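Architecture and fold: a report
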Amino acid sequence: MFFVPISAIFVNFAFMKKFFTLVLVVAMAVAQGAAGHIVVDGVLDHSTIYPGTVHTFKVSVPEQYKGDEPACLYVGLDGILCNAPAVIDSLITSEKIPVTIGVYLQPGVIKDSRGNVLRYNRSNEFDMPDGRFASFLETELLPLVESLTTPDGRHVRLSQEAGDRMIFGLSSGGICAFNAAWHRPDLFSRVFSGVGTFVAMRGGNDLQAVVRKHEPQPLRVFLQDGTNDVWNALFGHWYEGNRMLASALDFAGYDAAYDWSDCNHGVRRASEIFADVMTWMWRDYPAPIKVGKTSNDLLASLLPDTTTQWVVTNGPRRVRQHPNTISLGATYPDSTFRVTPEQGTNCLTQTIIREDGTEGHSQRFYWLHSYDNSLLKIGPMLFDSLGNLYVVTNAGIQICDQNGRVRGILKLPVPIEEAAELIIAQGEIAIRCPNGQIHTRRLNIAPATPGFTPAPQGQG
(Lines give C-alpha, C1' and ligand atoms only; values in the text may rest on other atoms or scores of the structure.)
Protein backbone atom coordinates (compact mmCIF):
# COMPACT_ATOMS: atom_id res chain seq x y z
CA MET A 1 0.00 0.00 0.00
CA PHE A 2 1.25 3.46 -0.83
CA PHE A 3 0.50 4.93 2.59
CA VAL A 4 1.34 3.93 6.13
CA PRO A 5 -1.19 4.59 8.91
CA ILE A 6 0.55 6.26 11.79
CA SER A 7 -2.41 5.35 13.99
CA ALA A 8 -4.02 2.88 12.36
CA ILE A 9 -31.15 20.06 7.17
CA PHE A 10 -33.88 20.18 5.44
CA VAL A 11 -35.03 23.58 4.10
CA ASN A 12 -38.33 24.31 2.38
CA PHE A 13 -37.35 25.12 -1.19
CA ALA A 14 -40.47 27.23 -1.71
CA PHE A 15 -38.86 29.62 0.73
CA MET A 16 -35.35 29.23 -0.59
CA LYS A 17 -36.21 29.85 -4.24
CA LYS A 18 -36.66 33.52 -3.43
CA PHE A 19 -32.95 33.60 -2.81
CA PHE A 20 -31.50 31.08 -5.17
CA THR A 21 -31.60 30.55 -8.90
CA LEU A 22 -30.71 27.35 -10.61
CA VAL A 23 -29.05 26.80 -13.90
CA LEU A 24 -29.54 23.21 -14.94
CA VAL A 25 -27.35 21.82 -17.64
CA VAL A 26 -27.44 18.08 -18.03
CA ALA A 27 -24.79 15.89 -19.53
CA MET A 28 -23.86 12.25 -19.48
CA ALA A 29 -20.36 11.21 -18.53
CA VAL A 30 -19.25 7.62 -18.90
CA ALA A 31 -16.12 6.25 -17.27
CA GLN A 32 -14.29 3.48 -19.03
CA GLY A 33 -15.09 0.14 -17.41
CA ALA A 34 -17.69 1.67 -15.09
CA ALA A 35 -21.28 2.80 -15.06
CA GLY A 36 -21.94 6.43 -15.93
CA HIS A 37 -23.38 9.40 -14.15
CA ILE A 38 -25.53 12.42 -14.85
CA VAL A 39 -24.06 15.83 -14.10
CA VAL A 40 -26.37 18.64 -13.03
CA ASP A 41 -24.94 22.17 -12.89
CA GLY A 42 -26.22 24.77 -10.45
CA VAL A 43 -25.71 28.27 -9.13
CA LEU A 44 -26.13 29.49 -5.58
CA ASP A 45 -26.41 33.24 -6.00
CA HIS A 46 -27.56 34.51 -2.62
CA SER A 47 -25.79 33.55 0.58
CA THR A 48 -26.48 35.02 3.98
CA ILE A 49 -23.27 33.54 5.38
CA TYR A 50 -21.09 34.95 2.57
CA PRO A 51 -23.19 37.95 1.40
CA GLY A 52 -23.00 38.95 -2.24
CA THR A 53 -21.18 35.84 -3.42
CA VAL A 54 -22.03 33.62 -6.35
CA HIS A 55 -21.08 29.95 -6.12
CA THR A 56 -21.28 27.54 -9.02
CA PHE A 57 -21.44 23.80 -8.45
CA LYS A 58 -21.90 20.47 -10.16
CA VAL A 59 -23.73 17.40 -8.90
CA SER A 60 -22.84 13.98 -10.26
CA VAL A 61 -25.56 11.35 -9.79
CA PRO A 62 -24.38 7.79 -10.49
CA GLU A 63 -26.48 5.33 -12.49
CA GLN A 64 -26.66 3.04 -9.47
CA TYR A 65 -28.61 5.70 -7.54
CA LYS A 66 -32.32 4.84 -7.82
CA GLY A 67 -33.74 7.74 -5.81
CA ASP A 68 -35.67 5.46 -3.45
CA GLU A 69 -33.32 6.02 -0.54
CA PRO A 70 -30.65 8.59 0.36
CA ALA A 71 -27.18 8.19 -1.10
CA CYS A 72 -23.85 8.79 0.52
CA LEU A 73 -22.25 12.17 -0.12
CA TYR A 74 -18.89 13.28 -1.48
CA VAL A 75 -18.14 17.01 -1.41
CA GLY A 76 -15.25 18.16 -3.58
CA LEU A 77 -13.93 21.70 -3.23
CA ASP A 78 -12.63 23.81 -6.13
CA GLY A 79 -14.86 21.83 -8.46
CA ILE A 80 -14.00 18.48 -10.02
CA LEU A 81 -10.47 17.36 -9.20
CA CYS A 82 -8.72 14.00 -9.47
CA ASN A 83 -11.26 12.84 -12.12
CA ALA A 84 -13.46 12.17 -9.11
CA PRO A 85 -16.83 11.39 -10.79
CA ALA A 86 -15.33 8.70 -13.01
CA VAL A 87 -13.28 7.20 -10.19
CA ILE A 88 -16.31 7.16 -7.91
CA ASP A 89 -18.33 5.41 -10.67
CA SER A 90 -15.68 2.73 -10.95
CA LEU A 91 -15.42 2.21 -7.20
CA ILE A 92 -19.22 1.94 -6.86
CA THR A 93 -19.27 -0.65 -9.63
CA SER A 94 -16.56 -2.69 -7.93
CA GLU A 95 -18.42 -2.31 -4.59
CA LYS A 96 -15.44 -0.70 -2.92
CA ILE A 97 -17.51 2.30 -1.87
CA PRO A 98 -21.28 2.74 -1.40
CA VAL A 99 -23.54 4.52 -3.89
CA THR A 100 -22.35 8.11 -3.64
CA ILE A 101 -23.56 11.42 -5.06
CA GLY A 102 -20.80 13.97 -5.68
CA VAL A 103 -21.16 17.70 -5.12
CA TYR A 104 -18.37 19.80 -6.62
CA LEU A 105 -18.27 23.39 -5.40
CA GLN A 106 -16.37 26.42 -6.64
CA PRO A 107 -15.52 29.15 -4.10
CA GLY A 108 -17.58 32.32 -4.16
CA VAL A 109 -16.89 35.51 -6.08
CA ILE A 110 -18.55 38.92 -6.04
CA LYS A 111 -18.93 40.75 -9.36
CA ASP A 112 -20.27 44.10 -10.45
CA SER A 113 -22.97 44.59 -13.10
CA ARG A 114 -20.34 44.43 -15.85
CA GLY A 115 -18.96 41.12 -14.65
CA ASN A 116 -15.79 42.48 -13.10
CA VAL A 117 -14.68 40.61 -10.00
CA LEU A 118 -14.88 42.81 -6.90
CA ARG A 119 -13.86 40.10 -4.46
CA TYR A 120 -12.39 36.64 -4.65
CA ASN A 121 -13.77 34.89 -1.59
CA ARG A 122 -11.78 31.66 -1.76
CA SER A 123 -9.25 32.34 0.98
CA ASN A 124 -11.90 33.84 3.26
CA GLU A 125 -14.09 30.77 2.85
CA PHE A 126 -11.43 28.07 2.70
CA ASP A 127 -8.52 29.22 4.89
CA MET A 128 -10.48 30.59 7.86
CA PRO A 129 -10.39 27.94 10.61
CA ASP A 130 -13.84 28.74 12.00
CA GLY A 131 -17.18 26.97 11.54
CA ARG A 132 -18.80 29.26 8.94
CA PHE A 133 -18.09 27.10 5.91
CA ALA A 134 -19.59 24.02 7.54
CA SER A 135 -22.72 26.08 8.29
CA PHE A 136 -22.74 27.27 4.67
CA LEU A 137 -22.73 23.69 3.45
CA GLU A 138 -25.40 22.59 5.91
CA THR A 139 -27.89 25.43 5.61
CA GLU A 140 -27.36 26.81 2.09
CA LEU A 141 -25.61 24.53 -0.37
CA LEU A 142 -26.80 21.02 0.52
CA PRO A 143 -30.52 21.96 0.87
CA LEU A 144 -30.26 23.48 -2.60
CA VAL A 145 -28.66 20.32 -3.95
CA GLU A 146 -31.49 18.28 -2.46
CA SER A 147 -34.05 20.39 -4.34
CA LEU A 148 -32.71 19.00 -7.64
CA THR A 149 -34.20 16.25 -9.75
CA THR A 150 -32.41 14.52 -12.60
CA PRO A 151 -33.98 14.58 -16.10
CA ASP A 152 -35.04 10.96 -15.67
CA GLY A 153 -37.00 11.86 -12.51
CA ARG A 154 -34.67 10.85 -9.70
CA HIS A 155 -34.89 13.30 -6.79
CA VAL A 156 -31.52 13.96 -5.18
CA ARG A 157 -31.59 12.64 -1.64
CA LEU A 158 -28.51 12.80 0.59
CA SER A 159 -27.91 10.81 3.73
CA GLN A 160 -27.90 12.92 6.88
CA GLU A 161 -25.56 10.52 8.68
CA ALA A 162 -22.03 11.82 9.17
CA GLY A 163 -20.61 8.36 8.53
CA ASP A 164 -22.13 8.47 5.03
CA ARG A 165 -20.37 11.72 4.14
CA MET A 166 -16.89 12.59 2.93
CA ILE A 167 -15.26 15.89 1.99
CA PHE A 168 -12.11 16.51 -0.07
CA GLY A 169 -10.07 19.59 -0.87
CA LEU A 170 -6.70 20.58 -2.22
CA SER A 171 -4.45 23.32 -0.81
CA SER A 172 -6.76 25.91 0.80
CA GLY A 173 -9.54 23.48 -0.02
CA GLY A 174 -7.63 20.88 2.00
CA ILE A 175 -7.66 22.84 5.22
CA CYS A 176 -11.27 23.81 4.47
CA ALA A 177 -12.27 20.15 4.20
CA PHE A 178 -10.56 19.37 7.48
CA ASN A 179 -12.14 22.37 9.23
CA ALA A 180 -15.64 21.54 8.02
CA ALA A 181 -15.39 18.07 9.54
CA TRP A 182 -13.53 19.26 12.63
CA HIS A 183 -16.19 21.82 13.55
CA ARG A 184 -19.08 19.61 12.47
CA PRO A 185 -18.27 15.92 12.87
CA ASP A 186 -22.04 15.43 12.84
CA LEU A 187 -21.95 16.46 9.16
CA PHE A 188 -18.78 14.75 7.88
CA SER A 189 -16.82 11.82 9.26
CA ARG A 190 -14.40 11.25 6.38
CA VAL A 191 -11.79 13.81 5.24
CA PHE A 192 -9.14 13.80 2.50
CA SER A 193 -6.82 16.82 2.43
CA GLY A 194 -4.26 17.18 -0.35
CA VAL A 195 -1.34 19.59 0.14
CA GLY A 196 -3.46 21.31 2.80
CA THR A 197 -2.72 24.90 3.81
CA PHE A 198 -2.04 24.26 7.49
CA VAL A 199 0.20 27.32 7.69
CA ALA A 200 0.13 30.88 9.04
CA MET A 201 -2.32 32.31 6.51
CA ARG A 202 -5.44 32.69 8.67
CA GLY A 203 -4.51 30.63 11.70
CA GLY A 204 -4.27 27.19 10.14
CA ASN A 205 -0.88 26.69 11.78
CA ASP A 206 -2.60 26.54 15.18
CA LEU A 207 -4.83 23.59 14.31
CA GLN A 208 -2.22 21.03 15.29
CA ALA A 209 -2.16 22.51 18.82
CA VAL A 210 -5.95 22.41 19.10
CA VAL A 211 -6.08 18.80 17.88
CA ARG A 212 -3.67 17.79 20.64
CA LYS A 213 -5.75 19.51 23.32
CA HIS A 214 -9.26 18.69 22.09
CA GLU A 215 -11.08 15.52 23.03
CA PRO A 216 -10.97 13.08 20.08
CA GLN A 217 -13.79 13.24 17.56
CA PRO A 218 -15.26 10.52 15.28
CA LEU A 219 -13.23 11.38 12.18
CA ARG A 220 -11.19 9.41 9.65
CA VAL A 221 -8.52 11.60 8.05
CA PHE A 222 -6.10 11.22 5.16
CA LEU A 223 -3.37 13.82 4.55
CA GLN A 224 -1.17 14.02 1.45
CA ASP A 225 1.81 16.29 0.82
CA GLY A 226 5.37 16.32 -0.43
CA THR A 227 8.80 17.53 0.62
CA ASN A 228 8.96 20.03 -2.26
CA ASP A 229 5.71 21.73 -1.28
CA VAL A 230 6.62 25.28 -0.34
CA TRP A 231 3.96 27.17 -2.28
CA ASN A 232 4.62 30.48 -0.54
CA ALA A 233 7.38 30.56 2.05
CA LEU A 234 5.99 33.83 3.44
CA PHE A 235 3.27 31.85 5.17
CA GLY A 236 5.32 28.83 6.11
CA HIS A 237 6.27 25.39 4.85
CA TRP A 238 3.27 23.34 3.67
CA TYR A 239 4.96 19.98 4.15
CA GLU A 240 6.05 20.82 7.69
CA GLY A 241 2.54 22.07 8.50
CA ASN A 242 1.03 18.82 7.28
CA ARG A 243 3.55 16.71 9.19
CA MET A 244 2.79 18.68 12.37
CA LEU A 245 -0.94 18.04 11.94
CA ALA A 246 -0.28 14.37 11.24
CA SER A 247 1.75 14.10 14.43
CA ALA A 248 -1.11 15.75 16.36
CA LEU A 249 -3.69 13.39 14.84
CA ASP A 250 -1.56 10.41 15.81
CA PHE A 251 -1.09 11.77 19.35
CA ALA A 252 -4.85 12.30 19.70
CA GLY A 253 -5.69 8.77 18.57
CA TYR A 254 -7.35 9.37 15.20
CA ASP A 255 -7.91 6.83 12.45
CA ALA A 256 -5.55 8.63 10.10
CA ALA A 257 -3.19 7.79 7.27
CA TYR A 258 -0.71 9.82 5.29
CA ASP A 259 1.04 9.90 1.95
CA TRP A 260 4.42 11.66 1.93
CA SER A 261 6.32 12.00 -1.34
CA ASP A 262 8.66 14.46 -3.05
CA CYS A 263 5.80 16.19 -4.86
CA ASN A 264 5.38 19.95 -5.05
CA HIS A 265 2.20 22.01 -4.60
CA GLY A 266 -0.29 20.55 -7.06
CA VAL A 267 -2.96 17.96 -7.80
CA ARG A 268 -0.78 15.33 -9.48
CA ARG A 269 -0.04 13.13 -6.48
CA ALA A 270 -3.57 13.37 -5.06
CA SER A 271 -4.88 12.25 -8.47
CA GLU A 272 -2.50 9.28 -8.54
CA ILE A 273 -3.63 7.95 -5.18
CA PHE A 274 -7.27 9.11 -5.23
CA ALA A 275 -8.84 5.69 -5.89
CA ASP A 276 -6.75 4.02 -3.19
CA VAL A 277 -7.53 6.77 -0.68
CA MET A 278 -11.24 6.42 -1.40
CA THR A 279 -11.00 2.66 -0.89
CA TRP A 280 -9.19 3.15 2.42
CA MET A 281 -11.65 5.85 3.51
CA TRP A 282 -14.69 3.56 3.01
CA ARG A 283 -12.95 0.27 3.74
CA ASP A 284 -15.25 -1.01 6.52
CA TYR A 285 -18.46 0.81 5.63
CA PRO A 286 -21.12 0.87 7.10
CA ALA A 287 -19.31 0.28 10.39
CA PRO A 288 -19.28 3.54 12.38
CA ILE A 289 -16.02 5.43 12.77
CA LYS A 290 -14.88 5.01 16.33
CA VAL A 291 -13.42 7.66 18.59
CA GLY A 292 -9.78 6.99 19.34
CA LYS A 293 -7.90 7.13 22.61
CA THR A 294 -5.88 10.28 23.14
CA SER A 295 -2.36 10.46 24.55
CA ASN A 296 -3.25 13.79 26.20
CA ASP A 297 -2.65 12.89 29.84
CA LEU A 298 -5.24 15.32 31.23
CA LEU A 299 -8.00 14.22 28.87
CA ALA A 300 -7.07 10.56 29.31
CA SER A 301 -7.44 10.92 33.07
CA LEU A 302 -10.81 12.71 32.73
CA LEU A 303 -12.56 10.55 30.16
CA PRO A 304 -13.92 7.27 31.59
CA ASP A 305 -13.91 5.81 28.08
CA THR A 306 -14.03 6.96 24.48
CA THR A 307 -17.81 6.61 24.20
CA THR A 308 -18.90 8.95 26.99
CA GLN A 309 -21.49 11.43 25.73
CA TRP A 310 -23.55 14.36 26.98
CA VAL A 311 -26.99 13.32 28.31
CA VAL A 312 -29.94 15.72 28.47
CA THR A 313 -32.34 15.83 31.42
CA ASN A 314 -35.05 18.30 32.40
CA GLY A 315 -36.02 20.11 35.57
CA PRO A 316 -34.26 20.54 38.92
CA ARG A 317 -31.48 18.16 39.79
CA ARG A 318 -29.49 17.75 42.97
CA VAL A 319 -25.86 18.40 42.30
CA ARG A 320 -23.02 19.65 44.39
CA GLN A 321 -21.95 23.07 43.18
CA HIS A 322 -19.08 25.27 44.19
CA PRO A 323 -20.68 28.08 46.21
CA ASN A 324 -18.28 30.74 44.94
CA THR A 325 -19.17 30.34 41.28
CA ILE A 326 -20.20 33.61 39.71
CA SER A 327 -21.31 34.30 36.16
CA LEU A 328 -18.24 36.32 35.22
CA GLY A 329 -15.46 34.62 37.12
CA ALA A 330 -14.43 32.03 39.68
CA THR A 331 -12.68 31.95 43.05
CA TYR A 332 -9.97 29.40 43.85
CA PRO A 333 -11.07 26.73 46.37
CA ASP A 334 -9.00 28.17 49.24
CA SER A 335 -9.99 31.75 48.30
CA THR A 336 -6.40 32.86 47.69
CA PHE A 337 -7.25 34.39 44.30
CA ARG A 338 -10.08 35.00 41.87
CA VAL A 339 -10.23 34.85 38.09
CA THR A 340 -12.15 37.20 35.81
CA PRO A 341 -12.22 37.80 32.04
CA GLU A 342 -9.89 40.53 30.80
CA GLN A 343 -11.75 43.00 28.64
CA GLY A 344 -10.71 43.10 24.99
CA THR A 345 -8.59 39.92 25.05
CA ASN A 346 -8.94 36.15 25.14
CA CYS A 347 -7.14 36.07 28.48
CA LEU A 348 -8.31 35.87 32.07
CA THR A 349 -7.00 38.02 34.91
CA GLN A 350 -5.86 36.47 38.17
CA THR A 351 -6.16 38.68 41.26
CA ILE A 352 -4.60 37.70 44.60
CA ILE A 353 -6.83 37.86 47.69
CA ARG A 354 -4.75 38.69 50.73
CA GLU A 355 -5.37 37.32 54.21
CA ASP A 356 -6.99 40.59 55.27
CA GLY A 357 -9.45 40.36 52.37
CA THR A 358 -7.88 43.05 50.22
CA GLU A 359 -6.99 42.35 46.61
CA GLY A 360 -3.93 43.05 44.52
CA HIS A 361 -1.21 41.80 42.20
CA SER A 362 -3.64 41.41 39.28
CA GLN A 363 -2.09 39.96 36.14
CA ARG A 364 -3.18 38.67 32.76
CA PHE A 365 -2.68 35.01 33.55
CA TYR A 366 -4.95 32.48 31.78
CA TRP A 367 -4.65 32.24 27.96
CA LEU A 368 -7.51 30.75 25.93
CA HIS A 369 -7.78 29.42 22.36
CA SER A 370 -9.83 31.15 19.66
CA TYR A 371 -10.40 29.62 16.22
CA ASP A 372 -11.20 32.76 14.26
CA ASN A 373 -8.89 35.43 15.70
CA SER A 374 -11.87 37.19 17.31
CA LEU A 375 -12.82 37.75 20.92
CA LEU A 376 -14.11 34.63 22.55
CA LYS A 377 -17.56 34.47 24.03
CA ILE A 378 -16.83 33.49 27.62
CA GLY A 379 -19.45 31.98 29.92
CA PRO A 380 -19.33 30.49 33.41
CA MET A 381 -16.13 29.07 34.84
CA LEU A 382 -15.32 26.83 37.79
CA PHE A 383 -12.40 25.15 39.54
CA ASP A 384 -12.26 21.41 40.21
CA SER A 385 -10.66 19.65 43.18
CA LEU A 386 -7.24 19.66 41.48
CA GLY A 387 -7.18 23.40 40.96
CA ASN A 388 -7.83 23.16 37.22
CA LEU A 389 -10.05 25.89 35.81
CA TYR A 390 -12.93 24.94 33.47
CA VAL A 391 -14.00 27.84 31.24
CA VAL A 392 -17.08 27.68 29.03
CA THR A 393 -16.32 29.38 25.70
CA ASN A 394 -17.70 29.27 22.18
CA ALA A 395 -14.57 27.26 21.28
CA GLY A 396 -15.44 24.57 23.83
CA ILE A 397 -14.94 24.01 27.54
CA GLN A 398 -11.30 24.91 27.95
CA ILE A 399 -9.45 23.34 30.85
CA CYS A 400 -6.52 25.31 32.25
CA ASP A 401 -3.88 24.12 34.67
CA GLN A 402 -2.79 26.12 37.72
CA ASN A 403 -0.29 28.04 35.59
CA GLY A 404 -2.99 29.34 33.24
CA ARG A 405 -2.33 27.08 30.22
CA VAL A 406 -5.04 25.24 28.32
CA ARG A 407 -4.33 21.52 28.51
CA GLY A 408 -7.68 20.10 27.37
CA ILE A 409 -10.80 21.12 25.46
CA LEU A 410 -14.19 19.45 25.73
CA LYS A 411 -16.89 19.92 23.12
CA LEU A 412 -19.64 22.24 24.40
CA PRO A 413 -23.01 20.47 24.05
CA VAL A 414 -25.03 23.66 23.47
CA PRO A 415 -24.38 27.09 21.95
CA ILE A 416 -22.51 29.36 24.34
CA GLU A 417 -25.62 31.57 24.67
CA GLU A 418 -27.50 28.64 26.23
CA ALA A 419 -24.80 27.73 28.76
CA ALA A 420 -26.13 29.59 31.82
CA GLU A 421 -24.35 27.62 34.52
CA LEU A 422 -21.42 25.25 34.84
CA ILE A 423 -21.61 22.52 37.47
CA ILE A 424 -18.94 20.14 38.65
CA ALA A 425 -20.17 17.19 40.72
CA GLN A 426 -18.60 13.94 41.82
CA GLY A 427 -17.94 11.99 38.65
CA GLU A 428 -19.68 14.37 36.29
CA ILE A 429 -19.79 17.80 34.72
CA ALA A 430 -23.00 19.58 33.72
CA ILE A 431 -24.26 22.59 31.81
CA ARG A 432 -27.57 24.12 32.95
CA CYS A 433 -29.60 26.02 30.34
CA PRO A 434 -32.14 28.80 30.93
CA ASN A 435 -34.97 26.51 29.75
CA GLY A 436 -34.27 24.06 32.57
CA GLN A 437 -32.42 21.50 30.50
CA ILE A 438 -29.30 20.06 32.06
CA HIS A 439 -26.62 18.50 29.87
CA THR A 440 -24.55 16.07 31.91
CA ARG A 441 -21.47 14.08 31.08
CA ARG A 442 -19.53 11.50 33.06
CA LEU A 443 -15.97 12.54 33.83
CA ASN A 444 -13.36 11.41 36.31
CA ILE A 445 -13.72 14.68 38.17
CA ALA A 446 -14.53 15.93 41.67
CA PRO A 447 -15.87 19.29 42.90
CA ALA A 448 -13.60 21.61 44.83
CA THR A 449 -14.14 21.74 48.59
CA PRO A 450 -14.32 25.33 49.89
CA GLY A 451 -11.29 26.13 52.03
CA PHE A 452 -9.25 23.25 50.62
CA THR A 453 -5.94 23.98 48.91
CA PRO A 454 -5.31 21.72 45.88
CA ALA A 455 -1.87 20.15 45.60
CA PRO A 456 0.50 22.50 43.71
CA GLN A 457 1.30 21.50 40.12
CA GLY A 458 4.67 23.24 40.07
CA GLN A 459 5.91 25.67 37.46
CA GLY A 460 6.75 23.22 34.68
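Our subject is the structure that appears above.
Here's a quick rundown of the structure. For every chain, the first residue of its written sequence is number 1, and the numbers climb from 1 along that sequence. Local features in this predicted model are restricted to residues whose pLDDT is 70 or higher, and side-chain atom pairs enter the listing and the counts only when it is 80 or higher, whereas totals over whole chains, interfaces and linings include all residues. The side-chain numbers reported here are obtained from all heavy atoms of the structure, hydrogens and water having been left aside.

1. Brief notes about the side chain of S189
Residue position: S189 is located in the loop between α5 (172-183) and β10 (190-194). Overall, S189 belongs to the buried group, its relative accessible area being 5%. Setting aside anything within four residues of it in sequence, one finds S189 in contact with A162, G163, R165, P218, L219, R220 and I289. In this description a helix means any DSSP run of H or I spanning at least four residues, a strand means any run of E spanning at least two, and both kinds are numbered starting from the N terminus. For the exposure calls, accessible area comes from a 1.4 Å probe over protein chains only, and a residue counts as buried if that area is under 20% of its type's maximum, exposed if over 50%, partly exposed in between. What makes two residues a contact is simply this: any of their non-hydrogen atoms within 4.5 Å.

2. So, the packing of helix α2 (residues 84-93) against helix α8 (residues 268-281)
Remark: α2 packs on α8, axes separated minimally by 10 Å, with the N-to-C direction vectors making an angle of 50°. With respect to each other, α2 and α8 are oriented oblique. The way α2 lies across α8 gives a crossing that is right-handed. Across from A84, V87, I88 and L91 in α2, the residues of α8 making contact are F274, A275, M278 and T279. In terms of residue class, the contact of α2 with α8 is made up of seven nonpolar, one polar and no charged. In this analysis an axis means a line fitted to C-alpha atoms, helices contributing only their contacting stretch, and an angle means the value between N-to-C directions, from 0 to 180 degrees. Angular relationships are summarised with four words: roughly parallel below 35 degrees, roughly antiparallel beyond 145, roughly perpendicular across 65 to 115, and oblique for the angles in between. By convention, the crossing between two helices is left-handed when the near helix turns anticlockwise from the far helix through less than a right angle, and right-handed when the turn is clockwise. Each residue is assigned to one class: nonpolar for Ala, Val, Leu, Ile, Met, Phe, Trp, Tyr, Cys and Pro, charged for Asp, Glu, Lys and Arg, and polar for all the others, Gly among them.

3. Examining the pairing of strand β20 (residues 396-400)
A regular strand carries its side chains on alternate faces of the sheet. In terms of residue burial, β20 counts as a mostly covered element, since five of its five residues are buried. Where strand β19 (residues 389-393) meets β20, five bridges bridge the pair, whose relative direction is antiparallel. If you follow Y390 over to β20, its bridge partner there is I399. Two elements, β20 and strand β21 (residues 406-410), share four bridges in a ladder whose sense is antiparallel. Within β21, the position partnered with C400 by the bridge is V406. Taken together, β20 and the strand that follows it, β21, pair antiparallel across an intervening segment of five residues, in which G404 is found at a positive phi of about 85°. Following DSSP output, two strands are said to pair if at least two bridges run between them.

4. Looking at the pairing of strand β22 (residues 421-425)
Within β22, five of the five residues are buried, which leaves the element mostly enclosed by the surrounding structure. Here five bridges tie β22 to strand β23 (residues 428-432), and the two strands are oriented antiparallel to one another. The partner of E421 across the bridge, within β23, is R432. The loop that links β22 with its antiparallel partner β23 comprises two residues; one of these, G427, has a positive phi angle of about 80°.

5. Section: the sheet that holds β22
The strand order β13-β24-β23-β22 describes an open sheet built from four strands, whose pairing is antiparallel. Pairing within the sheet leaves two strands with one partner each, and these edge strands are β13 (311-314) and β22. Taken pair by pair, the neighbouring strands of this sheet meet at an average axis angle of 25°, ignoring direction.

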